[in-house]
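Okay, here's what each chain looks like letter by letter:
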Amino acid sequence: DIKASDFVLGEGQETPSGTYPQVMNYSLNLRNNSDMVVYDVKTSMVLSADEKVFPFEINDANYDRTFEKIDVDQVVELPYSMAIRPKTYSGYYEIKVKISYSENTGNGERKEFETSYYVKITNKEEEDEKGDFNEHDRTRARIIVDSFETVPAKIVAGEEFELIYRIKNASKQISATNMLLTLESEKVSDSAV
């Protein structure tokens, strides 16, 4: 039975943020928003091996936090110390938390509640994956302009001409397919190109 408002997570707190390679140390406030005392409370961070979903290294077997009892409107802290994954991109990540608890002190029926919060990670931008050209990178094709010519060879201002580019892949091991080439004029004012 998943409820919608039994607990409030991170109330009045700023979004936890961290910068790679520093470790993120932060605490989240958890408030019992129900109308009764709850017992044997366990919070479980939902983990993922996918760095696009979960930005932290999974160094511990679990990230559960347990509390014997939480009174109505009582606030408890969930402390975390998390290492940011090196391949994680900058941005906001939703961290899901499952909370299970009992409404009495015995071995009564356990109830479940799901919530989430966000963390802000500063690392590398997503477009960095393409990166700048590195002649020693042997994992990408190396497309270069081999030569070019114009028809006619002598260009007269205001007249049409053909520009012929010859490109080649300078990599002997990595092939290239499905390429898109874009030509841009010089960044000059009043350019007609």
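Figured I'd write up the structure that's included with this text. From a predicted model like this one, the values you see are computed outputs, not experimental measurements. (Residues numbered from 1 in each chain as written. Predicted model: local features only at pLDDT ≥ 70, side-chain atom pairs only at ≥ 80, totals over all residues. Heavy atoms only, no water.)

A closer look at the overall build of the chain
Filter applied, for reference: For the purposes of this entry, the term helix denotes a DSSP run of H or I that reaches at least four residues, the term strand denotes a run of E that reaches at least two, and both are numbered from the N terminus. Think of it in three bands: with a 1.4 Å probe and only protein chains considered, a residue is buried below 20% of the maximum accessible area for its type, exposed above 50%, and partly exposed in between. A contact between two residues is defined here by any heavy atoms of the two lying within 4.5 Å. To measure how exposed things are, a 1.4 Å probe is used in the Shrake-Rupley method; for residues, cover is taken only from the protein chains shown.
A count of helices and strands for the chain gives zero helices and eleven strands. In sequence order, the secondary structure elements of the chain are arranged as β-β-β-β-β-β-β-β-β-β-β. For the chain, with 193 residues in total, the buried portion stands at 25%. Contacts spanning at least 24 positions in sequence make up 67% of the contacts within the chain whose residues lie at least 6 apart. For the chain, the exposed area adds up to about 13,800 Å²; of that, 46% sits on carbon and sulfur atoms.

Regarding the packing of aromatic side chains
Quick reminder of the rule: Stacked, tilted and edge-to-face are the three classes assigned to paired rings of Phe, Tyr and Trp, where Trp is represented by its six-membered ring and a pair needs centres within 6.5 Å; plane angles under 30 degrees give stacked, over 60 edge-to-face, the rest tilted.
A complete count under the given rule lists five aromatic pairs for this structure. On the numbers, 5.3 Å between centres and 75° between planes, the contact of phenylalanine 7 with tyrosine 101 is edge-to-face. With phenylalanine 7 in strand β2 (residues 7-9) and tyrosine 101 in strand β8 (residues 91-102), this pair connects stretches of sequence that are 94 residues apart. Per residue, the accessibility class of phenylalanine 7 equals that of tyrosine 101, and both read buried. An aromatic cluster of at least three residues, connected via ring pairs, comprises Phe7, Tyr101 and Phe113.

Describing the pairing of strand β5 (residues 38-45)
For clarity, the cut-off: Pairing between two strands is assigned when DSSP locates at least 2 bridges connecting them.
As defined by bridge partners, β5 adjoins strand β6 (residues 65-70) across five bridges and the pair is classed as antiparallel. From the neighbouring strand, valine 41 faces β6, where its bridge partner is phenylalanine 67. Where β5 meets β8, five bridges bridge the pair, whose relative direction is antiparallel. Its bridge partner lying in β8, lysine 42 is registered against serine 100.

A word on the nonpolar core
Which entries qualify depends on this criterion: The definition of a nonpolar core used throughout is a set of buried Ala, Val, Leu, Ile, Met, Phe, Trp, Tyr and Cys residues joined through side-chain atoms within 4.5 Å.
Of all hydrophobic cores here, the largest spans 29 residues; its most connected members are Tyr26, Met45, Phe56, Tyr80, Tyr117 and Val119. Counting residues per element, the ones that place at least two in this core are β2, β4 (23-32), β5, β6, β7 (75-83), β8 and β9 (110-122). Per element, the largest residue contribution to this core is five residues, and it comes from β8. Setting aside residues up to four positions removed in sequence, methionine 45 forms contacts with Tyr26, Phe54, Tyr63, Tyr80, Met82, Ile95, Lys96 and Tyr117.

Describing the pattern of salt bridges
This is how the line gets drawn: Note on definitions: salt bridges are taken to be side-chain nitrogens of Lys or Arg within 4 Å of carboxyl oxygens of Asp or Glu.
The tally for this structure, following the rule as stated, stands at seven salt bridges. The residue aspartate 64 makes a salt bridge to lysine 42 at a minimum N-O spacing of 4.0 Å. Taken as a pair, aspartate 64 in the loop between β5 and β6 and lysine 42 in strand β5 lie far apart in primary sequence, 22 residues in all. Aspartate 64 gets classed as partly exposed once you look at its relative accessible area, which sits at 25%. Judged by its relative accessible area of 33%, lysine 42 falls in the partly exposed class. Of the charged contacts in the structure, one is a salt bridge between aspartate 71 and lysine 69, with a shortest N-O distance of 3.8 Å. For lysine 69, a relative accessible area of 44% corresponds to the partly exposed category.

Things to note about unusual backbone geometry
With an omega of 10°, the peptide bond between tyrosine 20 and proline 21 qualifies as cis. Between valine 151 and proline 152 the backbone carries a cis peptide bond, its omega angle lying at 0°. With respect to the helices and strands, proline 152 occurs in the loop between β10 (143-151) and β11 (162-169). Of note, the phi angle at aspartate 40 is positive, near 45°, even though the residue is not glycine. You can see aspartate 40 is positioned in strand β5. Since its relative accessible area comes to 45%, aspartate 40 is described here as partly exposed. Residue aspartate 73 is not a glycine yet carries a positive backbone phi of 65°. Its place among the elements puts aspartate 73 in the loop between β6 and β7. By relative accessible area, aspartate 73 is classed as partly exposed at 47%.

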